[in-house]
Amino acid sequence: MGDQTVPAKGNVLGSLIPARYILAVLGSIAMAIIYGLKVNLSVAMVAMLNHSALAHNAASAVGANEQHHQVNAEPVCQGSNSTEAVEDGPFIWSEPVQGIILSCYFWGYLVSQVPGARVAESFSARWVMFFSVLINVVCTLLTPVAAKMHYVAMIVMRIGEGIGGGVTFPAMHVMLASWAPPNERSVMSAIVYAGTALGTVISMLMAGVLAGTLGWESVFYVMGGLSCLWMVLWLWLIQDTPTKQALISQEERDLITTSLGTGAASAHNEPKPPVPWRKVFTSAPFYGILIAHMCNNWGWYMLLIELPFYMKQVLQFNIKENAVVTAIPFLTMWFFSMALSKTLDALRSRGKITTTIARKTATFIASAVPMGCLLALCYIGCQRGLAVALMTIGITAIGGMFCGLLSNHIDIAPNYAGTLMAITNTAATLSGIIVPIFVGQITHGNQTIGAWRVIFFVTIALYVVEIVAYLLLASGEEQPWNKGDKPASSIEAAEAEATPLNTKESKQNYNGQDQ
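Residues numbered from 1 in each chain as written. Predicted model: local features only at pLDDT ≥ 70, side-chain atom pairs only at ≥ 80, totals over all residues. Heavy atoms only, no water.

- The name an unreviewed UniProt entry gives the chain is Major facilitator superfamily (MFS) profile domain-containing protein, with Anopheles merus as the organism.
- Looking at the chain in UniProt, the text filed under Subcellular location (unreviewed entry) is "Membrane". (UniProt positions renumbered as here; feature names shortened; annotations may be inferred.)

Now the structure itself:
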């Protein structure tokens, strides 16, 4: 943590794009890669499965319960695609097995986050991100071989991807805490984390086209291979902090360090204080983020992982239509998140709203709108056009979480942003594990609108919990325990000692920011 400042040299690229936004763009691409390599299996699996054999098995399993299903649930939709030939692959994996293969990603994701966050905060978030992508690329390239061996080998590959993917959010939070000026925090966070939506769009479209033309194996070989280019750019252009970055102008470095108050601390080589665990777990704003993150992730993973199966099994879209229809909403989500974050940051910089109001507004949009769309989806039956419109609106609105609750950790405790993100994202990851298994059990031998209605109502209830908890508990203010367990007097003395001599310039810089 005590590295010396590297002389700022600037570069041609930096003259076009500030170094902090090069970080944001490459961070966004990294998130796109991680999410793209995660969700490609949701689309590819539609082409990997032998639907004829599965339908025969399901018909046999349903035989004893056929009367029950006819009374309590509507059948699948009878659209123009219902008479098309079933697109069969080589694997006969039942719904529960499919649920395990999809959810086991989160087993690895669950265990790696807190250790990854501590490594990123204590050593290097840059290297943590690099190895995260590397692990995902290797496991993706090995997926076709593993699938042909046994579904257990597939599970191992998915767990490996999860271990790599689990450290991305905490590591990027550490990077943003060091690089994002407070009055640009919403925009930079949205750029980075909206990469998850962009990666989903690209992955679903590519996976659908590749699986439908070159075969399901090409999904993993092509997408894994293309991701290698990012690793070269990341090591060349990115450093952990502005003081370590040579490819930056001195003006930009001063802007960032002055706004964050990190210049003097870096000069004194002061290590970050240990995490004040007791104060973290007795903090109301922290619990606001935690509850909202858990509930929001349920809806996020419901739409991210299960949407392709709903489109295929209930609305009867074929593989290529399925990929397009499920990808479009994530593209609109990307545009919406950019517009919303820019609007909220502009209002904050003008003093029209506080950070707290900005975070609550974005999070409310990200939960209330999809909740309403899911409620409507429960009652429109087989109106495919209306269903696509509702899902597009709902998924688009979820983009508010990038400049809402997902940015909130940095607001309340920038010194521990990675650790806080790791804690809340670990808890929220339980949704990623439960959702595929839950959906698999509900829909096993029962791919009907009625079964999916139950799934949607559970999601709606969790959105209500999220809205109430976040509006009551969340805050955008830095918490006192961000300085660790030091007494207030020692904190004030340290801040006074770190105050720059040029107080007029510092004051001007500070007054231009939100907090």
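**What to know about helix H9 (residues 185-193)**
Then comes step 1: With 9 of 9 residues buried, H9 is to be regarded as a mostly interior element.
Then comes step 2: Where H9 is concerned, the buried positions are Arg185, Ser186, Val187, Met188, Ser189, Ala190, Ile191, Val192 and Tyr193. (Buried < 20%, exposed > 50% of the residue type's maximum accessible area, 1.4 Å probe, protein only. Helix = DSSP H or I, 4+ residues; strand = E, 2+ residues; numbered from the N terminus.)

**Quick look at a nonpolar patch on the surface**
Then comes step 1: A cluster of nonpolar side chains, Trp277, Phe281, Tyr287, Val464, Val468, Leu472 and Leu473, forms an exposed patch at the surface whose accessible area comes to about 630 Å².
Then comes step 2: Sort the elements by how many residues they give to the nonpolar patch and helix H22 (residues 449-473) lands first, with 4 residues.
Then comes step 3: As for its placement among the helices and strands, Tyr287 is situated in helix H16 (residues 284-313). (Patch = residues over 30% accessible without salt bridge, like charges linked within 9 Å, V, L, I, M, F, W, Y side chains within 5 Å. Areas by Shrake-Rupley, 256 points an atom, 1.4 Å probe, with all protein chains shown as cover. Salt bridge = Lys/Arg side-chain N within 4 Å of Asp/Glu carboxyl O.)

**Looking at the packing of helix H21 (residues 417-443) against H22**
Then comes step 1: Running from amino to carboxyl end, H21 crosses H22 at an angle of 150 degrees, the nearest separation of the two axes being 9 Å. What the angle tells us is that H21 and H22 run roughly antiparallel. As for how H21 packs across H22, the hand of that crossing is right-handed. Only Ala451, Trp452, Ile455 and Val458 of H22 make contact with H21, whose side of the interface consists of Phe438, Val439, Ile442 and Thr443.
Then comes step 2: Residue classes in the contact of H21 with H22 are distributed as 7 nonpolar, 1 polar and no charged. (Axes fitted to C-alpha atoms, helices over the stretch in contact; angles between N-to-C directions. Parallel < 35°, antiparallel > 145°, perpendicular 65-115°, else oblique. Left-handed = near helix turned anticlockwise from the far one by under 90°. Contact = heavy atoms within 4.5 Å. Nonpolar A, V, L, I, M, F, W, Y, C, P; charged D, E, K, R; others polar.)

**Topic: the pattern of salt bridges**
Then comes step 1: With the rule as written, the count across this model stands at 9 salt bridges.
Then comes step 2: Note that Arg118 is salt-bridged to Glu121, the shortest N-O span being 2.3 Å. Of this pair, Arg118 and Glu121 both sit in helix H6 (residues 105-149), separated by 3 residues, roughly a single helical turn.
Then comes step 3: Classification of Arg118 as partly exposed rests on a relative accessible area of 28%.
Then comes step 4: By relative accessible area, which is 6% here, Glu121 ends up buried.

**Remarks on the environment of Arg278**
Then comes step 1: On the secondary structure map, Arg278 appears in helix H15 (residues 277-280).
Then comes step 2: In this structure the C-alpha to C-alpha distance between Arg278 and Trp481, which are 203 residues apart in sequence, comes to 9.8 Å.

**What about the packing of helix H2 (residues 19-48) against helix H12 (residues 228-237)?**
Then comes step 1: Taken N-terminus to C-terminus, the directions of H2 and H12 make an angle of 150 degrees; their axes are 11 Å apart at the nearest point. Taken together, H2 and H12 sit at an angle that is classed as roughly antiparallel. As for how H2 packs across H12, the hand of that crossing is left-handed. Residues Ile22, Leu23, Leu26, Gly27, Ile29, Ala30 and Ile33 of H2 form the contact with H12, whose participating residues are Trp230, Leu233, Trp234 and Leu237.
Then comes step 2: Classifying every residue of the contact of H2 with H12 gives 10 nonpolar, 1 polar and no charged.

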